[in-house]
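Working through the structure, step by step
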Amino acid sequence: MPQLEGPSRRTFLTLMAASFAMTGLTGCEQQTAEAIVPRVRDPGYLPPDGILHYATAHVQDGIASGILVKTVDGRPIKIEGNPEHPVTRGATDAFMQASILGLYDPDRSQSVVRLGRTSGWQTFETAVVQRFAALRASQGEGLRLLTGPIGSPTTIGLMEGLLRELPRARWHVHAPLADGRAQRTHGAFERAKLVVAFDGDFLDPGPDQAATSRAWADARRTAEQAGFLAELHVASSTPGLTSAKADHGVVVEPSRMPLLAEALLDRVEDRPPRALDDATRAWIDRAFRALRRHAGEAIVTAGRGQPARLHGIVARLNRRLGNTGRTVWTTASPIARAGDPASSLDALAEAIAAGEVGTLVMLDVNPVYTAPRSFDFGTLIDRVDFTLHIGSHVDETGVHCQWHAPLAHPLESWGDARAADGTASIVQPTIRPLYGARSLPEYLVLLRDGRTTDGRTLVEAYWRAQWGKGDFDERWRRALTAGFIADSAFAAEEREVPEPISPGRSSEDGLTVLFRPDPTIWDGSYANNPWLQELPKPLAKIVWDNIAVLGPALAAEHGIASGDRVEIGLEGRKVEAPAWVLPGQAPRTVTLYLGQGRWEAGSVGNGVGYDAYTLRPAGAAWQAFGATLLRLEGRAPLATTQESHGMDGHDFVRVHTLASSDATTSEPATGHPSLYPEQVYDDQPREKRAWAMAIDLDSCIGCNACAVACQAENNIPVVGREQVAIGRDMHWLRIDRYYEGPPEAPRTHFQPVPCMHCEQAPCEVGCPVAATLHDREGLNLQIYNRCVGTRTCSSYCPYKVRRFNYFDYTSGADTVVQAQRNPDVTVRTRGVMEKCTYCVQRITAARIRSNIEERPIADGEVVTACQAACPTRAITFGDLEDDGSAVNGARSSPRHYVLLEELNTRPRTTYLAKLAPETDDEEPA
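A brief structural summary. Computed from a prediction, not measured in an experiment: that's the story for all the values here.

**Re the environment of Gly157**
On the secondary structure map, Gly157 appears in helix H4 (residues 153-165). Considered as a pair, Gly157 and Tyr462 are 305 residues apart in the sequence and their alpha carbons are 7.8 Å apart.

Structure (structure tokens):
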């Protein structure tokens, strides 16, 4: 075997000691010992030796998702989904998978900063205590607190306690992309037989993606087993993952989206139909017939960026169709101050401008970057007498403040959080704070009481008060072990369905601009994460940049091609951006992606892309009208991982209907001639095994969770924009995206492509030094210390899944970053070929465990990293020698097929065809 490399326990402890020493006074605080609780119920696919894993939560925009954190010798190295969490049920997304790297970000704030210079904790605490002592004398007059979206019960309780002591103070919330409504609407997607979405985004990146996409995929599988298709009807203005998975889609200008919903409501309430174009009328008619057929078992939904008028129409549709209370219900928002205009950023900006703010404390928020530029928030901060910023980085806001204090990462601090439905989780640390940073509750106690209290004491105190009498210690241990607090979800509430309000402004006077979160770095908070910067955007396949998306018609009108530089103007402000032409974009609409263009993100995120917040209007608007578009000279040096977007006559992605008689067999055809010798398995081990993978293309939503999980598990390096641009990306798993049909409204297909682990492998024939070979269980292995870098195997591979490491990206990495690496996987240097191994380290761990216990490896005991991460369970892995295995069940499906079957390479990785309605022009059966 290749020699395993990576930081040892001794190296890691030395590293931690050095890190504490470098923090100076920030590391002088006495740390007391405390116990954290690992899980008792092992999910089965994590190797046990020397490994612990802890149940906690990942929080995005204040919403929690259940996760497990794998630690090796005290180092958190990998995120997995928590299968017992009632909302996410083991699902993850790309943001969860990449959050582990954020813990080891060398650009994280490591000390207190005063006026741009390093200070100490004692000096900081003295200044804060003195300031808040003066504020108590005036009951908090002139004090404003600004936070991001907060769903932590403990933090909310401490904030409200502080405001009770300082009644003249005010709390403001700035959430550039969070759902700011006081009530949240939920859908039982796992039970829905039909979903109709008006610019819906329930499959798109965000805090709800993992939960809703898993539920939707489960409903599709359940419906298939029952003999029908759980259809998805989507009206969209810009392409996204939800519209890409639509069975029936229509492209609509943003200003006409509420009119489309009203037209459907007319049909439901039996009013005369409206005058619509043929494509829109056909979509409405088909959606109405399907809703009538599945009344009470369907979901009508709208994207969170849609106006209140459209959400009101959608609520009425669900009520009239009998969905409310069955597949759709409403609860209070877990986010504090949601829907309160007095707590908005606009109100804070007005107060500062009026001279009403003398003390401004900003906690885990970055308004200088994310606030509308019309506020000029940096100038506003400079007017305030005392400013304090608490955050993970000295970011765009931090550099404007007199004081900055470092915020602890969630994986190194105590806290709590609520899922979208209110289910609470205790957030427990998996490592001591690397730089002595503190959590939000700890800072709030300092502000309120002028003293320091450890986070665990604060969280325990809150839940002790909530639970009252009883065995607190046992209930606390159960919550830590399970990763959530049982029966803590919010009760359903009645929602008043408003009358539809008057129509908004149309886009006839100019173009419409849509503002959307970047699919890989969100609102910019992940901009310094290199895994996410190098992750291809699901549809555009661009890395290390953001783009302005145009439709084919608008691009042709202005003579614009993908990569051309354009200028978008709105209300006197302008941005320059690279254009990208995407099928499925509304003709008079331009989509800009927020999150890039940062200047104080860190060494990774600075200077990447353009800043779309420059054009975003006040009120956290998701769309604006009256924009202009101008083609500029020159082209942008964009890096993309996929140049061809059509299948060029090949059937890479196959599409089946439930009634299709063109069923494929579970095994590849063997009648084709082959250039490669057949693999012969002699000298079999005691127990014969044959590992294989099946990928369901109907379930795959192209979300990239699998790609990031593979990168984290297998120590895959980041190579940078320039290397990706010349075809040297290193991801072991890519997700190809293909279009079919007219560019105005095409069908979109996603296809994950790892190594095929061919039985008759061309790479093995081509390698001159036998560095690539087969093992006795069917794995195609790569022996790194044999490889001499001829790259012959890559040229022989028809699937193009092998990656050559041209440079040494690993040895020069920051020592903190090296602490994240998986010690079970060799850390490669330059000059070797690498590829997917089916997570052979996990197979080996299961083999060792089964040999010790003298039993076979159970089906499902080996779960690859990509399989574990997938929110829709699109990937099945197992042993073909086990007749009852799930992978054999998948390969017996009539949808099963082999990629490039005519080459007769006999891959162990195979696919299930995507499902489609019977016809597009008739009422579904």
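**Some points on the packing of aromatic side chains**
Evaluation of the coordinates by the stated rule reveals 21 aromatic pairs. For the pair Phe95 and Trp522, a centre-to-centre distance of 6.0 Å together with 65° between the ring planes defines the contact as edge-to-face. Of the two residues, Phe95 sits in helix H2 (residues 94-103) while Trp522 sits in the loop between strand S19 (511-517) and helix H16 (530-533), which places them 427 residues apart along the sequence. Grouping residues by exposure puts Phe95 and Trp522 together as buried. Between the aromatic rings of Trp121 and Phe124, the centroid separation amounts to 5.9 Å while the plane-to-plane angle is 75°, which identifies the pairing as edge-to-face. Linking Trp121 with Phe124, this pair stays in helix H3 (residues 121-137), spanning 3 residues, or about one helical turn. As far as burial versus exposure is concerned, Trp121 and Phe124 are alike and both buried.

**Details of the sheet that holds strand S22 (residues 564-570)**
Taking strand neighbours around the barrel as the criterion, the 6 strands line up as S19-S24-S21-S23-S22-S25 in a closed arrangement whose pairing is mixed. Across the sheet, the mean angle separating the axes of adjacent strands is 45° when strand polarity is ignored. Where S22 lies against strand S23 (residues 573-581), 6 bridges are found, and the strand directions are antiparallel. For Arg565, the partnering residue across the bridge sits in S23 and is Pro578.

**Quick word on helix H23 (residues 840-853)**
Taking 1.5 Å of rise per residue, the 14 residues of H23 would be expected to cover 20 Å, and the 20 Å separating its terminal C-alpha atoms lies within 8% of that figure. Listed as buried for H23 are Gln841, Arg842, Ile843, Ala845, Ala846, Arg849 and Ser850. Next to the buried residues of H23 lie strand S3 (75-81), strand S28 (691-696), helix H18 (705-713), helix H24 (865-869) and strand S35 (875-879). In the segment just after H23, Glu854 is the residue with positive phi, at about 55°.

**Describing the pattern of salt bridges**
For the structure shown, the criterion picks out 53 salt bridges. With a shortest N-O distance of 2.9 Å, Arg842 and Glu713 are connected by a salt bridge. Remark: Glu713 occurs in helix H18 and Arg842 occurs in helix H23; sequence separation between them is 129 residues. Since its relative accessible area comes to 1%, Glu713 is described here as buried. Glu834 is the partner of Arg828 in a salt bridge, and the nearest nitrogen-oxygen pair spans 2.9 Å.

**Digging into the environment of Tyr610**
Relative to the helices and strands, Tyr610 is located in the loop between strand S24 (589-594) and strand S25 (623-635). By relative accessible area, which is 6% here, Tyr610 ends up buried. Note: C-alpha distance between Tyr610 and Ala548 (62 residues apart in sequence) is 9.6 Å. Not counting residues within four places of it along the chain, the set of residues in contact with Tyr610 comprises Asn546, Ile547, Ala548, Glu576, Ala577, Pro578, Leu592, Tyr593, Gln596 and Gly597. Among the polar contacts listed, one links the side chain of Tyr610 to the backbone oxygen of Ile547, at a separation of 2.8 Å.

**Things to note about the sheet that holds strand S11 (residues 248-251)**
The parallel open sheet is built from 4 strands, whose spatial order is S11-S10-S9-S12. In this open sheet, the two strands that pair with only one neighbour each are S11 and strand S12 (298-302). With direction set aside, neighbouring strand axes in the sheet form an average angle of 5°. Where strand S9 (residues 194-198) and S12 come together, 5 bridges link them in parallel fashion. The residue bridging Leu194 from the neighbouring strand is Ala298, located in S12. On the sheet, helix H8 (residues 278-293) packs against S9, strand S10 (231-236), S11 and S12 and is oriented at approximately 145° with respect to S9. Relative to the sheet, helix H9 (residues 308-320) contacts S9 and S12, its axis offset from that of S12 by approximately 175°.

**Quick look at the nonpolar core**
In terms of nonpolar packing, the biggest core is built from 90 residues, with Phe202, Trp216, Ile547, Trp691, Tyr799, Tyr838 and Tyr911 touching the most fellow members. For this core, the leading source of residues is H18, giving 4 residues. The residues touching Trp691, leaving out its near neighbours within four places in the chain, are Glu777, Leu779, Tyr838, Ile843, Ile857, Val862, Phe877, Gly878, Asp879 and Arg908. Core analysis: the second largest hydrophobic core is formed by 57 residues, Leu511, Ile521, Ile568 and Ala612 among them.

**Side note on the pairing of S28**
In terms of residue burial, S28 counts as a mostly covered element, since 6 of its 6 residues are buried. The alternating pattern of S28 places Trp691, Met693 and Ile695 on one face and Ala692, Ala694 and Asp696 on the opposite face, and all of these are buried. Across 5 bridges, the pairing between S28 and S35 is antiparallel. Bridged to Met693 within S35 is Phe877. In terms of strand pairing, S28 meets strand S37 (residues 909-912) through 4 bridges, oriented parallel. Across the sheet, the residue bridging to Ala694 is Thr910, located in S37.

Parameters at a glance
- Residues numbered from 1 in each chain as written.
- Predicted model: local features only at pLDDT ≥ 70, side-chain atom pairs only at ≥ 80, totals over all residues.
- Heavy atoms only, no water.
- Helix = DSSP H or I, 4+ residues; strand = E, 2+ residues; numbered from the N terminus.
- Phe/Tyr/Trp six-rings, centres within 6.5 Å; stacked < 30°, edge-to-face > 60°.
- Buried < 20%, exposed > 50% of the residue type's maximum accessible area, 1.4 Å probe, protein only.
- Pairing = 2+ DSSP bridges.
- Axes fitted to C-alpha atoms, helices over the stretch in contact; angles between N-to-C directions.
- Expected span 1.5 Å × (residues − 1).
- Contact = heavy atoms within 4.5 Å.
- Salt bridge = Lys/Arg side-chain N within 4 Å of Asp/Glu carboxyl O.
- Polar contact = N/O pair within 3.5 Å; in protein donor to acceptor, adjacent residues only side chain to side chain.
- Core = buried A, V, L, I, M, F, W, Y, C linked by side-chain atoms within 4.5 Å.

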